[in-house]
Amino acid sequence: AGMPQTLSTSNMVTPGSLGPPPTEPTDGEQAGQPLLDGAPSSASLDMLIQHLVPTADYCPEKAYIFTFLLSSRLFIEPQELLARVCRLCVEQQQLDKPVLDKARVRKFGPKLLQLLAEWTETFPRDFQEESTIGHLKDMVGRIAPCDEAYRKRMHQLLQALHQKLAALGQGPEGLLGSDKPISYRTKPPASIHRELLGVCSDPYTLAQQLTHVELEQLRHIGPEEFVQAFVTKDPLASTKPCFSDKTNNLEAYVKWFNRLCFLVATEICMPAKKKQRAQVIEFFIDVARECFNIGNFNSLMGIISGMSMSPVSRLKKTWARVKTAKFFILEIVIPFFSLLIKDIYFLNEGCANRLPNGHVNFEKFLELAKQVGEFITWKQVECPFERDPNITHYLHTAPIFSEDGLYLASYESESPENQTEKERWKSLRSSILGKT
């Protein structure tokens, strides 16, 4: 078998299939038409934006706010959307008039603040630019004369936003500079080489620490990154493409998953004696079982992927030493994060964002919102275990072999079995060890 399916974000970016330019709204498009209960399967972007704008008697549903804010970034930059929403509020509520209709503004104010609270809470990164904060302050400045409580509410909202952005700014630990695989030169002498079992020999403890790392990684992924990862420029939109550094936490997560696979394989291929290699395999099977018991399926899959890599799976004499009772865990295959990414990918791949009449495919966005909504619930789990910095540091920084390094270590442990392996071994010895 080849290397296992490691994740990559480059193969997640999909071209949107797009139709001709938008047409004028059709008769079926009255603004009063509900967009969630029996939502229309499509609508023009302008109509969808109008549906986001609160009035004195109308407040968009929470589910609609999430669905539209999540997916609208395929067509319009969030900053531009915010500016348009604010402009529509000012026009419709006549907030630029010298005398305001106080009774009306008092009905409208709380609904506007509700929308802004949902937006800043769920998509804080949309407010990283100063101009966006300017829009918020401007709107509150306009409605505050009718009720000073609005200013206080906005102050709380901005404080919460500020804290969220500060926390997100720190980024998850250990993803800088530690993912450069080392090439296999010589196995370090036992006295120098620190292996994982030396740092943590209890499978349950390691499963807990892996859970810490997983949740720490996931906490930094914004829901919008799932949509952003699939964005290609919408030819109908005037804005610049959305796909840039906006998915770096999702990519960092993918890097962590791949690192875990390679770390597992490295730890197994390192020891010189097959008895020790078999012990490391047994240890990882126990860790995988503990991950399963805790419900940490991401690390479970990372460990299984690492053990399934060819340089590990070819070590027949080593595997022969592994107690067979341990194997059942390896047969469990569980839905996990990369499957969520794949679902979102196929959903994106399989449906056009715009229909031939230029309408936005709203049905698809409801499905997307459902998927990403599940992810949000999941990433809010508080980690119930104490963090052990010693172990998490090792997980993030321990050297890992490159793919070639793993093969070489594997061949040095158990000699090649066939011609292809012999030739590969020979070429690796000359390229990595400089031996002929």
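Everything in this summary refers to the structure shown in the same document. (Residues numbered from 1 in each chain as written. Predicted model: local features only at pLDDT ≥ 70, side-chain atom pairs only at ≥ 80, totals over all residues. Heavy atoms only, no water.)

**Quick notes on the overall build of the protein chain**
Across its full length, the protein chain carries 19 helices and 2 strands. Burial status across the protein chain gives 51% buried among its 436 residues. Taking all contacts inside the protein chain whose residues are at least 6 apart in sequence as the whole, residues at least 24 apart take part in 80%. Carbon and sulfur atoms make up 54% of the accessible area of the protein chain, which totals about 20500 Å². (Helix = DSSP H or I, 4+ residues; strand = E, 2+ residues; numbered from the N terminus. Buried < 20%, exposed > 50% of the residue type's maximum accessible area, 1.4 Å probe, protein only. Contact = heavy atoms within 4.5 Å. Areas by Shrake-Rupley, 256 points an atom, 1.4 Å probe, with all protein chains shown as cover.)

**Comments concerning the packing of helix α10 (residues 248–269) against helix α11 (residues 274–294)**
Remark: α10 packs on α11, axes separated minimally by 8 Å, with the N-to-C direction vectors making an angle of 150 degrees. By the angle between their axes, α10 is roughly antiparallel relative to α11. Where α10 abuts α11, its residues Val264, Glu267 and Ile268 lie against Arg277, Val280, Ile281 and Phe284. (Axes fitted to C-alpha atoms, helices over the stretch in contact; angles between N-to-C directions. Parallel < 35°, antiparallel > 145°, perpendicular 65-115°, else oblique.)

**A short note on helix α18 (residues 403–413)**
Within α18, 8 of the 11 residues are buried, which leaves the element mostly enclosed by the surrounding structure. Burial in α18 covers these residues: Gly405, Leu406, Tyr407, Leu408, Ala409, Ser410, Tyr411 and Ser413. Buried residues belonging to α18 abut α10, α11, α13 (310–313) and α19 (419–433).

**Quick look at α11**
Between its first and last C-alpha atoms α11 spans 30 Å; for 21 residues at 1.5 Å apiece the expected length is 30 Å, and the two agree. Along α11, the positions that sit buried rather than exposed are Arg277, Ala278, Val280, Ile281, Glu282, Phe283, Phe284, Ile285, Asp286, Val287, Ala288 and Cys291. In this fold, the buried residues of α11 make contact with α7 (196–199), α8 (203–219), α10, α12 (297–308), α14 (316–320) and α18. Just past α11, the residue Gly295 takes up positive phi, approximately 95 degrees. (Expected span 1.5 Å × (residues − 1).)

**Quick notes on the packing of aromatic side chains**
Within a pair of aromatic rings, the relevant descriptors are the distance that separates the centres and the angle that separates the planes. Counting across every chain of the model gives 6 aromatic pairs. Taking 5.9 Å as the distance between ring centres and 15 degrees as the angle between the ring planes, the aromatic pair formed by Phe66 and Phe123 counts as stacked. Taken together, the positions of Phe66 in helix α2 (residues 62–72) and Phe123 in the loop between α4 (102–122) and α5 (130–143) put the pair 57 residues apart, joining distant regions of the chain. Looking at Phe66, the relative accessible area reads 16%, which means it is buried. In this structure, Arg73 is placed above the aromatic ring of Phe123, and the distance from its NZ or CZ to the ring centre is 4.8 Å. In this structure, Arg424 packs its charged tip against the face of Tyr407, placed 3.7 Å from the ring centre. (Phe/Tyr/Trp six-rings, centres within 6.5 Å; stacked < 30°, edge-to-face > 60°. Lys NZ or Arg CZ within 6 Å of the ring centre and 35° of its normal.)

**Observations regarding the pattern of salt bridges**
As enumerated under the stated definition, the model contains 15 salt bridges in all. Ionic pairing is found between Asp126 and Arg73, a salt bridge with its closest N-O pair at 2.9 Å. Separated by 53 residues along the polypeptide, Asp126 in the loop between α4 and α5 and Arg73 in the loop between α2 and α3 (78–92) bring together distant segments of the chain. The pair formed by Asp126 and Arg73 is uniform in burial state, with each residue classed as buried. Of the charged contacts, one joins Arg429 and Glu412 as a salt bridge, the two residues approaching to 3.2 Å between their closest N and O atoms. Here Glu412 lies in helix α18 and Arg429 lies in helix α19, a separation of 17 residues in the sequence. Taken together, the shared-partner salt bridges in this structure form one network comprising Arg125, Glu224 and Glu225. (Salt bridge = Lys/Arg side-chain N within 4 Å of Asp/Glu carboxyl O.)

**Quick word on the environment of Gly358**
Within the secondary structure layout, Gly358 lies in the loop between α15 (337–350) and β2 (360–361). Separated by 316 residues in sequence, Gly358 and Ser42 place their C-alpha atoms 9.4 Å apart.

**So, the side chain of Gln208**
Secondary-structure assignment places Gln208 in helix α8. Residue Gln208 is classed as buried on the basis of its relative accessible area of 15%. Each residue touching Gln208, except ones within four places of it in the same chain, is listed here: Ile294 and Phe385.

**Quick notes on the nonpolar core**
In this structure, Leu52, Leu81, Leu206, Leu210, Ile303 and Met307 are the most contacted members of the largest nonpolar core, which totals 106 residues. Among the elements that take part in this core, α10 stands out by supplying 12 residues, more than any other. Formed by 5 residues, the second largest nonpolar core is a distinct cluster that contains Leu408, Tyr411, Leu428 and Ile432. (Core = buried A, V, L, I, M, F, W, Y, C linked by side-chain atoms within 4.5 Å.)

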